[in-house]
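Results of the structural survey
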Amino acid sequence: MIYFDKVSKKYPNESLALQDINFSIAHNEFVSIVGHSGAGKTTLLKLLLAEEKPTEGSVFFESVNVHELHRNDVTKLRRRIGMIFQDFRLLPDKTVYENIAFAMEAAGRSDDEIAFDVPHVLELVDLNNKAWDFPGHLSGGEKQRVAIARAIVNQPDIIIADEPTGNLDPVNTYEIVQILKKINDIGTTVILTTHNKGIIDLLGKRVITMEGGKIIRDDASGKYVL
Ligand code: ADP
């Protein structure tokens, strides 16, 4: 589904962020990417989202080179990828329901679809009772559950969760990991970046370890060994 073929990335200031990166991710995999700050994780995700271009090599999404797509097709590609961030990125002046509905409107979905799908994803993250609350009234864990609901509501093929538990306590971290597993179980590919060793051990799924712009380990059922 995703294939990085001999990818290197040098930024204009000559810093070599990625060096000869080769890996693939199959449909419905759950892959964690770990590595110290500066290892190249963010750059790798930006190349997949066509936010940056590789200096060498190619990035394929279902046999299509994402860096040869026209602008409209880049927008379509990004719609197939749901994003979750450490800092949630919810709209503070919209309710939980409206935050999710807004993502559906932006994707051109109809009012009927919105009325049907929003309660459904809220159910999935167990937040139906918070539909009319504003983000400012939610705990960190609840905010991240809203962000997950928003990321999955347009039924993306892939979820990228970039340090999703970086601001959460262990109980909420556990809950978020369980929800990501559930999303993976119902057929969505999940790519997770994390510094949290506990999560990796809890998941028992594939782990790609990066250091200095290179992949130094790729373990099918990995442990965090930095
Ligand atoms: P990580 O996400 O693992 O912390 P990054 O991909 O952000 O790593 O960074 C990898 C390397 O590329 C680092 O040395 C960083 O300083 C450099 N880098 C990242 N973004 C830029 C940029 N926009 N311009 C120049 N150098 C960058």
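Residue numbers here run from 1 along each chain, matching the order of that chain's written sequence. Whole-chain, interface and lining totals are the exception, using all residues; otherwise, since this is a predicted model, local features are given only for residues with pLDDT of at least 70 and side-chain atom pairs are given and counted only at 80 or more. Hydrogens and water are ignored here; the side-chain numbers use all heavy atoms of the structure.

A separate point is the pattern of salt bridges. Any two side chains of opposite charge can pair, so long as their charged atoms come close to each other. By convention in these notes, a salt bridge is any Lys or Arg side-chain nitrogen within 4 Å of a carboxyl oxygen on Asp or Glu. If you walk through the whole model with that rule in mind, you get 15 salt bridges. Across the salt bridge formed by Lys-9 and Glu-52, the nearest N and O atoms sit 3.4 Å from each other. Here Lys-9, found in strand 1 (residues 2–10), pairs with Glu-52, found in the loop between helix 1 (41–48) and strand 4 (56–61); they are 43 residues apart in sequence, far enough to count as distant. Accessibility expressed as a relative area gives 7% for Lys-9, which makes it buried. Given a relative accessible area of 26%, Glu-52 falls into the partly exposed group. One salt bridge in this structure joins Asp-219 and Arg-217, with 2.9 Å as the shortest N-O distance. Labels follow the DSSP assignment, with helices taken as runs of H or I lasting at least four residues and strands as runs of E lasting at least two, numbered in each case from the N terminus. The cut-offs for exposure are 20% and 50% of the maximum accessible area for each residue type, with area from a 1.4 Å probe on protein chains only; residues under the lower value are buried, those over the upper are exposed, and the others partly exposed.

Any residue with a heavy atom lying within 4 Å of a molecule or strand is counted as near it. By nearness alone, every residue bordering the ligand is listed as Tyr-11, Asn-13, Ser-15, Ala-17, His-36, Ser-37, Gly-38, Ala-39, Gly-40, Lys-41, Thr-42 and Thr-43. Polar contact criterion, stated in full: a pair of N or O atoms within 3.5 Å, where within protein one must be able to donate a hydrogen and the other to accept it, and residues adjacent in sequence count only if both atoms are side-chain atoms. Between Ala-39 and the ligand, the recorded distance is 3.1 Å, taken from a backbone N or O atom to an oxygen atom. Contact between the ligand and Thr-42: an oxygen atom at 2.4 Å from a side-chain N or O atom of the residue. Summarising the interface, the protein chains cover 64% of the accessible area of the ligand, which totals 560 Å² for the free molecule. At three residues, the largest contribution of residues to the shell around the ligand is made by helix 1. Put simply, Ala, Val, Leu, Ile, Met, Phe, Trp, Tyr, Cys and Pro go in the nonpolar bin, Asp, Glu, Lys and Arg in the charged bin, and everything else, Gly too, in the polar bin. Looking at the shell around the ligand residue by residue, the class counts come to three nonpolar, eight polar and one charged. For the accessible areas, the method is Shrake-Rupley and the probe is 1.4 Å, while residue cover comes only from the protein chains on display.

At least two bridges found by DSSP between two strands is the condition for calling them paired. Within the open sheet, the six strands sit side by side as 6-7-8-3-9-10. Their pairing is mixed. The outermost strands of the open sheet, each flanked by one partner alone, are strand 6 (81–85) and strand 10 (214–219). Pairs of neighbouring strands in the sheet enclose a mean axial angle of 15°, with direction left out of account. Here strand 6 runs beside strand 7 (residues 158–162); their pairing, made up of five bridges, is parallel. Its bridge partner lying in strand 7, Ile-84 is registered against Ala-161. We call two residues in contact whenever any of their non-hydrogen atoms come within 4.5 Å of each other. Only C-alpha atoms enter the line fits that serve as axes; for helices the fit covers just the stretch in contact. Angles between N-to-C directions range over 0 to 180 degrees. Where helix 1 meets the sheet, its contacts fall on strand 3 (30–34), strand 7, strand 8 (189–193) and strand 9 (206–211), and the angle it forms with strand 8 comes to roughly 150°.

Nothing here speaks to function; it is geometry throughout.
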